[in-house]
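Here are the chains, one letter per residue:
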Amino acid sequence: MLIKKPQPISATEITPEAVYKSRRHFMQATAGLALAPLYANAAIGKQLKFTSATHYTVSETKTSLEDVTHYNNFYEFGTDKYTPAERAQALTVSPWSVAIEGEVKKPGVFTLEDILKPHSLEERIYRLRCVEGWSMVIPWIGFPLGDLLKRFAPTSKAKYVEFTSLQRPEEMTGQQRGVLDWPYQEGLRMDEAMHPLTILAVGLYGEVMPKQNGAPLRLVVPWKYGFKSIKSIVKIRLVEQQPVSTWAKSIPSEYGFYSNVNPQVDHPRWSQRRERRIGEFGKRDTLMFNGYADEVAKLYTGMDLRKNY
Ligand SMILES: Nc1nc2c(c(=O)[nH]1)N[C@H]1C(S)=C(S)[C@@H](COP(=O)(O)O)O[C@H]1N2
Ligand SMILES: [Mo]
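Now for a look at the structure at hand.

Cut-offs and rules
- Residues numbered from 1 in each chain as written.
- Chains lettered and ligands numbered in written order.
- Predicted model: local features only at pLDDT ≥ 70, side-chain atom pairs only at ≥ 80, totals over all residues.
- Heavy atoms only, no water.
- Phe/Tyr/Trp six-rings, centres within 6.5 Å; stacked < 30°, edge-to-face > 60°.
- Helix = DSSP H or I, 4+ residues; strand = E, 2+ residues; numbered from the N terminus.
- Buried < 20%, exposed > 50% of the residue type's maximum accessible area, 1.4 Å probe, protein only.
- Contact = heavy atoms within 4.5 Å.
- Near = heavy atom within 4 Å.
- Polar contact = N/O pair within 3.5 Å; in protein donor to acceptor, adjacent residues only side chain to side chain.
- Areas by Shrake-Rupley, 256 points an atom, 1.4 Å probe, with all protein chains shown as cover.
- Nonpolar A, V, L, I, M, F, W, Y, C, P; charged D, E, K, R; others polar.

## With respect to the packing of aromatic side chains
Working step 1: Scanning all chains against the criterion turns up 12 aromatic pairs.
Working step 2: An aromatic cluster of three or more residues is present, and its members are Y160, F257, Y258, F289 and Y300.

Quick look at the structure:
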C-alpha cells in the first residue's frame, strides 16, 4: 500500500486566526437567526430538537416545504391560499402568551416558554385534509395536547375544550373585514383533545412554525377537516357545554362541530369522496377519518356520523 506523504499546506489555505474567529462568530449568529426572535428566552433552545414518533407517522411522500408554506388557509391574512405567506410576516409572535382557563384547577396566563418547557418535541408526519378537497402530508413538530391539559388539572366538569386564535387586526389585516366572526374559535370533545394523535405544533420541517402555518402554536387534529386545526392560539378554555366553532357559527348547515373526515358524507355543495394531494396530479380516494380510523373510530361508536357531521 502506498503511503502518501503529507503535502505542504499552501499559503492560500491558511486562514488568519482573526478572520477565522469572526467567520465562526458570523456563522453562529446566522444559524440561530430564524429561530432566535421567537424563543428569545429559549425554553427549547435556538433549534427545534425533536425525536421522531414513528408510530404516528405516515410513510407517504411529504408535500414540499414550498407548498406547505405557500398554499395556506389563514383567513386572518386573507381568504385566498396565497396571501397568508406574504401577509402573515407582519405578525409579532414574541412575546406570546396563552391563557388556560375554565374548568381547570390551575388556570393562568402563561408565556409560550412556560407552556413549552416540560414537553419534549416529536416529529409527526400527518395527513391534513381540507374540507375544500385538497390535502397535504406535513412533518409537524409538536407534543400531545393531552399532556398539556393534564398539567392544568381539568375538573370533572371539563367536557370540551375551546380554542381561540389571536385577534389583532393591526397585524392580521384580514380581520379588518367581517368575513368571519373574529376571533377564530374551534373546539374538541375532551376525549378527542386527550387522544394521543392530537398535538399542539410549534414547528414543521425541522423549523420553528412559519407564521402562515399558525405560529407560534397551533393545533393539529389529523382525522378532522383542516379548519379544526386552529392557528396562532392564545386561549385554551375547558368547558362543560359544547363550544360553537367559528365555521359552524358562520354556516351551520355546512360545518358541524365534529367535522371528521368522512368520504361518505358530502358537503352540501360538493362531494367529499376524493381529494387532490397538493403537488400531485389527479385525485385519490379520501379515507375514512383521513386514514386514522384504526386509532379514532372507537371515539364515535354509536354516533350517527351523518347527523354529527
Ligand atoms: N386561526 C385560523 N386557523 C385556521 C384557519 C384560519 O383561517 N384561521 N384555517 C384553517 C383551515 S380551513 C385549514 S385547511 C388549515 C390550513 O393549515 P395550513 O395552512 O398550515 O396548511 O388551517 C386551519 N386553521
Ligand atoms: Mo380548510
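## Re the environment of G146
Working step 1: In this structure, G146 sits in helix α5 (residues 145–151).
Working step 2: Looking at G146, the relative accessible area reads 4%, which means it is buried.
Working step 3: Taking the C-alpha atoms as reference, G146 lies 9.1 Å from D191; in sequence the two are 45 residues apart.
Working step 4: The residues contacting G146, other than those within four sequence positions of it, are A193 and M194.

## Quick look at the site of ligand 1
Working step 1: The local shell around ligand 1 holds 16 residues, among which Y75, E76, R218, S229 and K231 are the closest.
Working step 2: Y75 places a main-chain nitrogen or oxygen 2.7 Å from an oxygen atom of ligand 1.
Working step 3: Between S165 and ligand 1, the recorded distance is 2.9 Å, taken from a side-chain N or O atom to a nitrogen atom.
Working step 4: A total of 540 Å² of accessible area belongs to ligand 1 in isolation, and the protein chains cover 99% of it.
Working step 5: Looking at the shell around ligand 1 residue by residue, the class counts come to seven nonpolar, six polar and three charged.

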